[in-house]
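Close look at the chain arrangement
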Amino acid sequence: MEFMLGITPWPIASAVLWIILITAALYLIRSTAHKAIQATAHALHRNFRIASKAVSRSEAGLAVRNRDVLLAAGREAKERIIEREFDRINESVCKDLGKYSSLHRSLSESIGRIEKDHDDAIDVPPDPPGWVKAVQAVAELDSKEGRGQVGDILSDIHKSLIKAHKDAMTAYHEASAKRHQLLRHMRPEWRLIQQKLAEVGKNVESLLSRSVTIDRLMQEYEDIVHGQDRAVSVLSSSSLVNFFVSAFVLVIAIGGATINFSLIARPMAEMVGGTNFIGGYKMADIAALVIILVEISMGLFLMESLRITRLFPVISALPDKTRERMVYITFSILFLLASVEAGLAYMREVLLHDELATSAILRGDIGATATGEYMWITTAAQMGMGFILPFALTFVAIPLETFVHSLRTVIGLAAISLLRTLALTLRLLGNIFLYLGTLLRQIYDLPLFVPLWLEERVARNAEGGAVTGRVRQ
Amino acid sequence: MKTGIFATLCLLLVACGGEAPRNSGVYMLLDTSGTYAQELEKAEQIIRYTLSKLDAKDTFAVARIDTGSFSEKDIIAKVSFDDRPSAVNRQKRLFAQQISDFVANVKSSPYTDITGGLLQAVEFLNEKDTGNKTILIFSDLKEDLAEGYIRDIDIELAGFKVIALNVTKLRSDNMDPREYLDRLEEWKGRVEKTGGEWRVINDLDGLEGLL
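None of these values were measured; they are calculated from a predicted model.

This part takes up the overall build of chain B. Summing up its helical and strand segments, chain B has six helices and six strands in all. Counted from the first residue to the last, chain B has its helices and strands arranged as α-β-α-β-β-α-α-β-β-α-α-β. Counting only residues that meet the buried cut, chain B has 35% of its 211 residues in that class. Counted over contacts in chain B with a minimum sequence separation of 6, partners at least 24 positions apart contribute 81%.

Here we come to the interface of chain A and chain B. Reports of interface size often rely on the accessible area that becomes lost once the parts have come together. At the interface, 15 residues of chain A touch 17 residues of chain B. Elements that contribute at least two residues to the side of chain A that touches chain B include exactly helix 7 (229–272), strand 1 (277–278) and helix 10 (320–363) of chain A. By residue number, the principal contributor to the side of chain A that touches chain B is helix 10 of chain A, which donates seven residues. Taken together, the residues that form the side of chain A that touches chain B break down as six nonpolar, six polar and three charged.

So, about the nonpolar core. Counting 43 residues, the largest nonpolar core has Tyr27(B), Met28(B), Leu29(B), Leu136(B), Ile137(B) and Phe138(B) as the members making the most contacts within it. For this core, the leading source of residues is helix 4 (residues 114–128) of chain B, giving six residues. For Leu136(B), the contacting residues outside a window of four places in its chain are Val26(B), Met28(B), Leu29(B), Ile163(B) and Leu165(B). Counting 29 residues, the second largest nonpolar core, distinct from the first, contains Met268(A), Phe301(A), Leu334(A) and Val396(A).

What follows is about the packing of helix 10 of chain A against helix 3 (residues 85–104) of chain B. The interhelical angle for the contact between helix 10 of chain A and helix 3 of chain B, taken along N-to-C directions, is 20°, at an axis separation of 10 Å. One way to sum up the angle between helix 10 of chain A and helix 3 of chain B is to call them roughly parallel. When the axes of helix 10 of chain A and helix 3 of chain B are compared, the crossing they make is left-handed. The segment helix 10 of chain A lies against helix 3 of chain B, with Leu351(A), Asp354(A), Glu355(A), Thr358(A), Ile361(A) and Leu362(A) engaging Pro85(B), Ser86(B), Asn89(B), Lys92(B), Arg93(B) and Ala96(B).

Turning to the packing of helix 10 of chain A against helix 11 (residues 375–394) of chain A, a few remarks are in order. Residue and element names in this part refer to chain A. Interhelical geometry of helix 10 versus helix 11 gives an angle of 150° and a closest axis separation of 8 Å. Classified by the interaxial angle, the pair formed by helix 10 and helix 11 is roughly antiparallel. In this structure, helix 10 meets helix 11 at a crossing whose hand is right-handed. Only Thr378, Thr379, Gln382, Met383, Met385, Gly386, Phe387, Pro390, Phe391 and Thr394 of helix 11 make contact with helix 10, whose side of the interface consists of Leu334, Leu337, Ala338, Ser339, Glu341, Ala342, Leu344, Ala345, Tyr346, Arg348 and Glu349. Here the contact of helix 10 with helix 11 is composed, by residue class, of twelve nonpolar, six polar and three charged.

Residue and element names in this part refer to chain B. Spatially, the six strands line up as an open sheet ordered 3-2-1-4-5-6, and their pairing is mixed. Looking at the sheet topology across the chains shown, the edges are occupied by strand 3 (75–80) and strand 6 (197–201). Sheet twist, expressed as the mean angle between neighbouring strand axes with direction ignored, is 15°. Bridge analysis of strand 1 (residues 24–31) against strand 4 (residues 132–138) gives seven bridges, and the strand direction is parallel. The residue of strand 4 that forms the bridge with Gly25 is Lys133. Those strands touched by helix 4 are strand 1, strand 2 (59–65), strand 3, strand 4 and strand 5 (160–165), and its axis lies near 160° from that of strand 1. Across the sheet, helix 6 (residues 177–193) touches strand 5 and strand 6, and the angle it forms with strand 6 is around 150°.

All names here are of chain B. Examined against the element boundaries, Val162 turns out to sit in strand 5. What makes Val162 buried here is the crowd of 26 C-beta atoms within 10 Å. Separated by 136 residues in the primary sequence, Val162 and Val26 place their C-alpha atoms 9.9 Å from one another. If we ignore the near neighbours within four places in the chain, the residues touching Val162 are Ile135, Ile137, Leu157, Val191, Gly196, Glu197 and Trp198.

Let us look at the confidence of the model for chain B. For chain B, the average pLDDT comes to 85, and 91% of its residues sit at 70 or higher. Complex prediction metrics read pTM 0.64 and ipTM 0.74.

Bringing the confidence of the model for chain A into the picture now. Mean pLDDT over chain A stands at 85; residues scoring 70 or higher make up 92%. Confidence scores differ between elements of chain A, with helix 5 (residues 131–145) of chain A showing the lowest mean pLDDT of 61 and helix 8 (residues 283–305) of chain A the highest of 93.

On to unusual backbone geometry. All names here are of chain A. One non-glycine residue, Arg307, adopts positive backbone phi at about 65°. Here Arg307 shows up in the loop between helix 8 and helix 9 (313–316). Here Arg307 falls in the partly exposed class, since 13 other C-beta atoms lie within 10 Å of it.

This next bit is on the environment of Gly273(A). The topology assignment puts Gly273(A) in the loop between helix 7 and strand 1. When the C-alpha atoms of Gly273(A) and Met283(A) are compared, they prove to be 7.4 Å apart, with ten residues separating the residues in sequence. Setting aside chain neighbours within four positions, we find Gly273(A) in contact with Met283(A), Asp83(B) and Arg84(B).

Residue and element names in this part refer to chain B. Note that Ser109 resides in the loop between helix 3 and helix 4. By the C-beta count within 10 Å, which is 22 here, Ser109 ends up buried. Taking the C-alpha atoms as reference, Ser109 lies 4.6 Å from Ser33; in sequence the two are 76 residues apart. When residues no more than four places from it in sequence are discounted, the contact partners of Ser109 are Thr32, Ser33, Asp66 and Thr67.

Procedures and definitions
- Residues numbered from 1 in each chain as written.
- Chains lettered and ligands numbered in written order.
- Predicted model: local features only at pLDDT ≥ 70, side-chain atom pairs only at ≥ 80, totals over all residues.
- Helix = DSSP H or I, 4+ residues; strand = E, 2+ residues; numbered from the N terminus.
- Buried ≥ 20, exposed ≤ 12 C-beta atoms within 10 Å, placed from the backbone.
- Contact = placed C-beta atoms within 7 Å.
- Nonpolar A, V, L, I, M, F, W, Y, C, P; charged D, E, K, R; others polar.
- Core = buried A, V, L, I, M, F, W, Y, C linked by C-beta atoms within 7 Å.
- Axes fitted to C-alpha atoms, helices over the stretch in contact; angles between N-to-C directions.
- Parallel < 35°, antiparallel > 145°, perpendicular 65-115°, else oblique.
- Left-handed = near helix turned anticlockwise from the far one by under 90°.
- Pairing = 2+ DSSP bridges.
- pLDDT = per-residue confidence, 0-100.

This is how it looks when you write it as structure tokens:
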């Protein structure tokens, strides 16, 4: 600084001289400097724009891929649902219509019996009375042979008539009673037919409602296959819901696994030692963790073998017999591990009592070593938890499958958002640099206001002179 | 693939080996000379407290200070705790019982060879090679050697914590407290001279920071 102010004996004069020199230098390289600033700003702007476009293209590619993944997952899920619906219909048809032949036979038999009973119950007209002919004979006798024996004959006729009437009435009553009996027999048959028909109606209604569901599912499936935006939107939102719900259930499962861990970690020290370490972690803790992880793995295989989940295509593709064997094997291993855990939980309680008793002895508090009367309840509860938790953890497979499937979508969505933000930021930066270039040029010109003013004046004068010359000419 | 397996094995070897021992070794010296033998009930409490703080793989030994303490014969009870918690509990009970029996039948000794006991403690703990090494001296720190015993030697105490417990004041200390202070200062100097860490705990109700 001193050197700069010392080029003349007067510092102010030196300063002024420096200002003039710098201004002159800046003015002389103004054009080059402007070009350099502009080139840099444009280059930065262009590069950021290119980067932004590249990121946008990646985002678009990812969005397409995410959409494909989403549609594929949705298609697969819908296929499974439709397959299950068809399975149910198949079961229903096999169960209900499989009995159709016996139902038909039962109905035919019932109808046949009703027809027969109906035929039997037809009202038979009583025989014409025999006394009509007798009266005719008496009338003829009266005209030919006289009336001597008519009184006796009429008396006999009367008797016969009364007897015949009695017989006819008895027969009629018997026939009526029989008919009524037959009609009574028809009643349960009618009820049976009504009941059977109601059953058939119910089954048909169930099939109809299922067919409506299948229609709806098929419509959704078609939407997915055609890749319609509505289907993508529905799948996306349901995937997010699935993600959060399954994550929540997994957190609960982790809580269960932690309790399980605390139940078996302490007694595990009896088996693998309490002071061995692997990489800073207690061997007993690692062993307990491994047991829990093996249980979860067995649970996954069990669920997979039962075809409840489909995380491992190899297991799903196994022949049914092998799969069944796998179910038995995994369940047996799970059962054995659960039993081991129950034993360890018991051991934990025993160790705890032992430790408490030792502490009491060391404290000199002998009375405290006595075991409580109801301690068996906690022991039993711990054993029960040790046995049940491995089986409960088996069901982790279901939320885990949902979580894994929905995670792809969620990660895709998050990545898309990230890329979109990045593209926007790059675009903004590009624009900022462009305007920054313009601003820098203006700032550059700011200290050069004097030479620029002079330049403008000179140019104006020159222009004025030229115009005057042209006018004169 | 092979590289991966090799790297995994290397990691496992690094993880498994080369770790410094984490266990603790405690050696307690009990002064049984003269009237100080009456204080041994307090020592029993400290031993029980120490037992409750020790865990699997730790080592604990209790030895008496008598005329010639540089001897294994003076070790009253010693234990290296098992790896299994149930066995540790059994060992602790047995140890506590051994100490109770000793305290009940202790006979006072005519001389006090603290340096010999300290040497024995260092030797014992070095042999056990524990992670932490602590020597507890339950004594008034007044050394009284029999004729012919040479104890004017430096003891290598680097890495050792030496804690003097219940350092009672003698009648002469009461008359001239400088004796007591000089005694403490002398022992502190001897311990710290060879890299040891020195502490005094006289308030036996505040044993929380003992180990």
